[in-house]
Amino acid sequence: MRSVIRHIWLWMLVIGCGLMTVGCSSSDGEAGEPQATYLTIYVYSPERPILMRGDVRYVDPSTEEGTVHRLQIWVFEHQSGDLVGYHSTATTTTLNTSQGDTYRIAVSDDFARQQPDVDVYVLANVTADNCGLSFDQHTTRDQLDAAQLDENHFGLTSLTTEVPPDGLPMSGILLNQDVVGDAPVLRVGSLSNIATVHLTRVVSKIRFVFSNIKLTESPESYKKLSITGISLDANTMRTAGYLFSRSSLNGLGKNSEVSLLSSPDKIDEVKTNENPTEYIYNDEEAQAYENKINAAVSAGELTQVGPFYLHESDMQVTGKIAYQIDETEKPPMSFQMERAGEFLRNHTWIVYAYYLGGSFLELSSIYVKNWKTNDDLNYEIYNW
């Protein structure tokens, strides 16, 4: 019996020592395991700038125009172009409901020690369905630099008149940025301020608005206004557009004359109101004018064609409006932007034409304003 008890005691001792050994080993392993190092990047939403002063230059996008559905971030070493890290997410609620959001990308221990300068590339809503393009963690910096929207995606061959389900494509880029901090927490920027990637829509928007006068006192004098065609002249738009902004678009093709509205789809009768001149732009605040046009279109006082979402052009955009008055074809009316470069990315353009009676349609203004963006605003973000 004494032998049996001694055997059981020895067995329990061995098990107990084994458990102690396992416990010590586990604890030592946790303490000794290298902790992952992350590089933190701040992405700023495209339509919610931090306004530091009164500013009349911007107009709000619609909810659909401003929504980020999917975000992709690449970080490359500036000198070598080697990939540091990649992050893709469809969790964008914070980005869509606030000024921006922070994102963390895991980096190697070697990168954390050396902390070379980096280039940061960010894309939003770029998918095969809406852009004809698809990127992942294997995409190189050169491929991103060269990436283009073709004529079938926000181009003139296949016109985009509604925001696609995947959203409007957006991009942002930071080049030759410092990396600061100590593992496991690094950031792009400085010790006091994190660098910010500004998301900007890759495309711009153009729409045409028409008005005819309502003659309440002499309705017998009313003349029907019909819009039979809208076209852009040749050599005014590019046949492709880069995803990431460039200082020059040289090398991209130029369009032939293209129809935005053809005769089979004509506007048979333009809406009427008592004072079409009320909708002439009169040096008012940008958003106030945008709201006025939107409200009048919704109320049935103005007729709208578009909007059309197109990739950018650095050329002077010109075109023609074909119309009829009481079924009588009139000479086309020409329209043009004031200068080249007014249809670069993230702009919205309204062409307003109206009829007050007489023989011809009148063109009041071509109004060019940016969608809301924060590229020109100065601000600081602390302590990330």
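Here the structure is a predicted model, which is why all the values come from computation and not from measurement. (Residues numbered from 1 in each chain as written. Predicted model: local features only at pLDDT ≥ 70, side-chain atom pairs only at ≥ 80, totals over all residues. Heavy atoms only, no water.)

Draft legend 1. A look at the overall build of the chain. A tally of helices and strands in the chain yields seven helices and 23 strands. Buried residues in the chain amount to 47% of all 384 residues. Pairs at least 24 apart in sequence give 76% of the contacts found in the chain among residues at least 6 apart. (Helix = DSSP H or I, 4+ residues; strand = E, 2+ residues; numbered from the N terminus. Buried < 20%, exposed > 50% of the residue type's maximum accessible area, 1.4 Å probe, protein only. Contact = heavy atoms within 4.5 Å.)

Draft legend 2. Examining unusual backbone geometry more closely. In this model, Ala-183 is joined to Pro-184 through a cis peptide bond whose omega is 10°. Tracing the backbone through its elements, the reader meets Pro-184 in the loop between strand E9 (179-182) and strand E10 (185-188). Here the bond from Gly-306 into Pro-307 is cis, since omega is 10°, no more than 30 degrees from zero. Inspection of the secondary structure puts Pro-307 in strand E18 (residues 303-311). For Asn-125, which is not glycine, the phi torsion reads 60° and is therefore positive. Mapped onto the elements, Asn-125 comes out in the loop between strand E6 (118-124) and helix H5 (128-131).

Draft legend 3. Looking closely at the nonpolar core. Grouped together as the largest cluster of nonpolar side chains are 30 residues, with contacts concentrated most on Phe-208, Phe-210, Ile-227 and Ile-230. Of all elements in the fold, only strand E13 (203-213), strand E14 (225-232), strand E16 (258-261), E18, strand E19 (318-325), strand E21 (333-336) and strand E22 (347-355) reach the threshold of two or more residues within this core. Dropping the residues within four chain positions of it, Ile-227 is found in contact with Phe-210, Leu-261, Lys-266, Ile-267, Val-270, Ile-321, Ala-322 and Tyr-323. Counting residues in each nonpolar core, the second largest holds 26 residues, with Val-43, Val-75, Leu-186 and Val-197 among its members. (Core = buried A, V, L, I, M, F, W, Y, C linked by side-chain atoms within 4.5 Å.)

Draft legend 4. Representation of the pattern of salt bridges within the structure. Evaluated as defined, the whole model comprises 12 salt bridges. Residue Glu-284 is joined to Lys-292 by a salt bridge in which the shortest nitrogen-to-oxygen separation is 3.3 Å. Glu-284 gets classed as partly exposed once you look at its relative accessible area, which sits at 23%. Salt bridges here are not isolated pairs; linked through shared partners, they connect Lys-224, Asp-268 and Glu-327. (Salt bridge = Lys/Arg side-chain N within 4 Å of Asp/Glu carboxyl O.)

Draft legend 5. Structural context of the sheet that holds strand E8 (residues 170-177). With antiparallel pairing, the five strands of this open sheet are ordered in space as E4-E3-E6-E8-E12. With partners counted over all chains shown, the strands left at the sheet margins are strand E4 (83-89) and strand E12 (200-201), one partner each. Pairing between strand E3 (residues 71-77) and E4: six bridges, direction antiparallel. By the bridge assignment, Leu-71 is partnered in E4 with Thr-89. (Pairing = 2+ DSSP bridges.)

Draft legend 6. Seen up close, the confidence of the model for the chain. Of all residues in the chain, 84% attain a pLDDT of 70 or more, and the chain-wide mean is 84. Note on residues 1-30: pLDDT under 50 across the span, and zero contacts to partners over four residues away in sequence or across chains. Confidence over residues 374-384 falls short of pLDDT 50; this stretch has 35 contacts with residues more than four positions distant or in other chains. (pLDDT = per-residue confidence, 0-100.)

Draft legend 7. Spatial organisation of the packing of aromatic side chains. One pass over the structure, following the stated rule, counts 10 aromatic pairs. Between the aromatic rings of Trp-74 and Tyr-86, the centroid separation amounts to 5.2 Å while the plane-to-plane angle is 50°, which identifies the pairing as tilted. In this pair, Trp-74 is assigned in strand E3 and Tyr-86 in strand E4, connecting sequence segments 12 residues apart. The partly exposed category is assigned to Tyr-86, whose relative accessible area is 21%. Against the face of Tyr-242 rests Arg-246, its NZ or CZ located 3.9 Å from the ring centre. (Phe/Tyr/Trp six-rings, centres within 6.5 Å; stacked < 30°, edge-to-face > 60°. Lys NZ or Arg CZ within 6 Å of the ring centre and 35° of its normal.)

Draft legend 8. The arrangement of helix H7 (residues 286-298) in detail. For H7, spanning 13 residues, the distance from its first C-alpha to its last is 19 Å, which sits close to the expected 18 Å at 1.5 Å a residue. Every buried residue of H7 is accounted for by Ala-286, Gln-287, Tyr-289, Glu-290, Ile-293 and Ala-296. Capping of H7 at its N-terminal end is provided by Glu-285; its side-chain oxygen lies 2.8 Å from the backbone amide nitrogen of Gln-287. Of the residues flanking the end of H7, it is Gly-300, one or two places downstream, whose phi is positive at about 80°. (Expected span 1.5 Å × (residues − 1). Polar contact = N/O pair within 3.5 Å; in protein donor to acceptor, adjacent residues only side chain to side chain.)

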